[in-house]
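Below, each chain spelled out in residue letters.
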Amino acid sequence: GLALAIPLDGKDLPIKLSFSEKVVHYWPTAALVHRHIVLLAQAGRDAEALALLARVRKMVPDSIPELRLLVESIPTDPLADISRLRAALRAVAQ
(Lines give C-alpha, C1' and ligand atoms only; values in the text may rest on other atoms or scores of the structure.)
Protein backbone atom coordinates (compact mmCIF):
# COMPACT_ATOMS: atom_id res chain seq x y z
CA GLY A 1 0.00 0.00 0.00
CA LEU A 2 0.77 3.63 0.30
CA ALA A 3 2.89 3.21 3.44
CA LEU A 4 5.34 1.03 1.53
CA ALA A 5 5.60 3.58 -1.27
CA ILE A 6 6.78 6.48 0.91
CA PRO A 7 10.38 7.31 -0.02
CA LEU A 8 12.95 6.81 2.74
CA ASP A 9 14.86 9.89 1.69
CA GLY A 10 14.91 11.96 4.87
CA LYS A 11 12.53 14.61 3.52
CA ASP A 12 9.31 15.60 5.31
CA LEU A 13 10.17 13.33 8.23
CA PRO A 14 7.59 14.67 10.72
CA ILE A 15 4.77 13.96 8.26
CA LYS A 16 6.15 10.56 7.27
CA LEU A 17 6.71 9.56 10.89
CA SER A 18 3.23 10.58 11.92
CA PHE A 19 1.71 8.55 9.11
CA SER A 20 4.01 5.59 9.78
CA GLU A 21 3.17 5.54 13.49
CA LYS A 22 -0.53 5.29 12.71
CA VAL A 23 -0.08 2.58 10.10
CA VAL A 24 2.26 0.47 12.25
CA HIS A 25 -0.13 0.77 15.18
CA TYR A 26 -2.94 -0.89 13.21
CA TRP A 27 -0.95 -3.05 10.77
CA PRO A 28 2.42 -4.01 12.30
CA THR A 29 3.83 -6.13 9.48
CA ALA A 30 7.58 -6.67 9.35
CA ALA A 31 7.98 -4.54 6.21
CA LEU A 32 6.13 -1.58 7.74
CA VAL A 33 7.93 -1.85 11.07
CA HIS A 34 11.27 -1.99 9.24
CA ARG A 35 10.42 1.22 7.40
CA HIS A 36 9.32 2.84 10.66
CA ILE A 37 12.68 1.95 12.23
CA VAL A 38 14.44 3.66 9.32
CA LEU A 39 12.27 6.77 9.59
CA LEU A 40 12.95 6.99 13.33
CA ALA A 41 16.69 6.74 12.69
CA GLN A 42 16.55 9.34 9.90
CA ALA A 43 14.76 11.71 12.28
CA GLY A 44 17.54 11.34 14.84
CA ARG A 45 15.36 9.29 17.17
CA ASP A 46 18.04 6.62 17.49
CA ALA A 47 17.01 5.35 20.92
CA GLU A 48 13.50 4.63 19.65
CA ALA A 49 14.80 3.08 16.42
CA LEU A 50 17.21 0.81 18.30
CA ALA A 51 14.58 -0.16 20.88
CA LEU A 52 12.18 -1.13 18.09
CA LEU A 53 15.01 -3.03 16.37
CA ALA A 54 15.56 -4.99 19.59
CA ARG A 55 11.86 -5.88 19.70
CA VAL A 56 11.94 -7.00 16.08
CA ARG A 57 15.04 -9.14 16.76
CA LYS A 58 13.21 -10.82 19.61
CA MET A 59 9.81 -11.27 17.97
CA VAL A 60 10.65 -11.72 14.26
CA PRO A 61 14.36 -12.57 14.04
CA ASP A 62 13.98 -14.03 10.56
CA SER A 63 13.10 -10.57 9.24
CA ILE A 64 16.45 -8.99 10.16
CA PRO A 65 18.13 -9.82 6.82
CA GLU A 66 15.29 -7.99 5.02
CA LEU A 67 15.78 -4.96 7.28
CA ARG A 68 19.52 -5.06 6.66
CA LEU A 69 18.93 -5.05 2.89
CA LEU A 70 16.52 -2.13 3.22
CA VAL A 71 18.96 -0.09 5.32
CA GLU A 72 21.89 -0.82 3.03
CA SER A 73 19.85 0.28 0.00
CA ILE A 74 19.41 3.78 1.43
CA PRO A 75 22.01 6.30 0.25
CA THR A 76 24.04 8.09 2.91
CA ASP A 77 22.44 11.43 3.75
CA PRO A 78 24.11 13.76 6.28
CA LEU A 79 20.73 15.33 7.06
CA ALA A 80 19.13 11.95 7.78
CA ASP A 81 21.99 10.01 9.35
CA ILE A 82 21.26 6.35 9.99
CA SER A 83 24.83 5.31 10.85
CA ARG A 84 23.89 4.07 14.34
CA LEU A 85 21.19 1.85 12.85
CA ARG A 86 23.65 0.54 10.25
CA ALA A 87 26.17 -0.23 13.00
CA ALA A 88 23.55 -1.99 15.13
CA LEU A 89 22.54 -4.17 12.19
CA ARG A 90 26.17 -5.05 11.47
CA ALA A 91 26.56 -6.06 15.12
CA VAL A 92 23.49 -8.31 14.84
CA ALA A 93 25.13 -10.14 11.95
CA GLN A 94 28.17 -11.05 14.03
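Everything numeric here is computed off the predicted structure, so don't read it as measured data.

**A few points about unusual backbone geometry**
Logical step 1: Residues other than glycine seldom take positive phi values, yet D12 does so here, at roughly 50°.
Logical step 2: Relative to the helices and strands, D12 resides in the loop between helix 1 (2-5) and helix 2 (13-26).
Logical step 3: What makes D12 exposed here is its relative accessible area of 53%.

**Quick word on helix 3 (residues 30-42)**
Logical step 1: Helix length check: helix 3, at 13 residues, gives a terminal C-alpha distance of 18 Å against a target of 18 Å (1.5 Å per residue), a fit within 8%.
Logical step 2: Counted residue by residue, helix 3 has 11 buried out of 13 residues, so it is predominantly covered.
Logical step 3: Of the residues flanking the end of helix 3, it is G44, one or two places downstream, whose phi is positive at about 80°.

**Details of the pattern of salt bridges**
Logical step 1: Tallied over the entire structure, the rule returns five salt bridges.
Logical step 2: Here K16 makes a salt bridge to D9, at a shortest N to O gap of 2.5 Å.
Logical step 3: Between R84 and D46 there is a salt bridge, with the nearest N and O atoms lying 3.7 Å from each other. Of this pair, R84 sits in helix 6 (residues 83-93) while D46 sits in helix 4 (residues 46-59), and the two are 38 residues apart along the sequence.
Logical step 4: Overlapping salt bridges, with partners in common, bring together E21, R45 and E48 in one network.

Reading guide: rules and limits
- Residues numbered from 1 in each chain as written.
- Predicted model: local features only at pLDDT ≥ 70, side-chain atom pairs only at ≥ 80, totals over all residues.
- Heavy atoms only, no water.
- Helix = DSSP H or I, 4+ residues; strand = E, 2+ residues; numbered from the N terminus.
- Buried < 20%, exposed > 50% of the residue type's maximum accessible area, 1.4 Å probe, protein only.
- Expected span 1.5 Å × (residues − 1).
- Salt bridge = Lys/Arg side-chain N within 4 Å of Asp/Glu carboxyl O.

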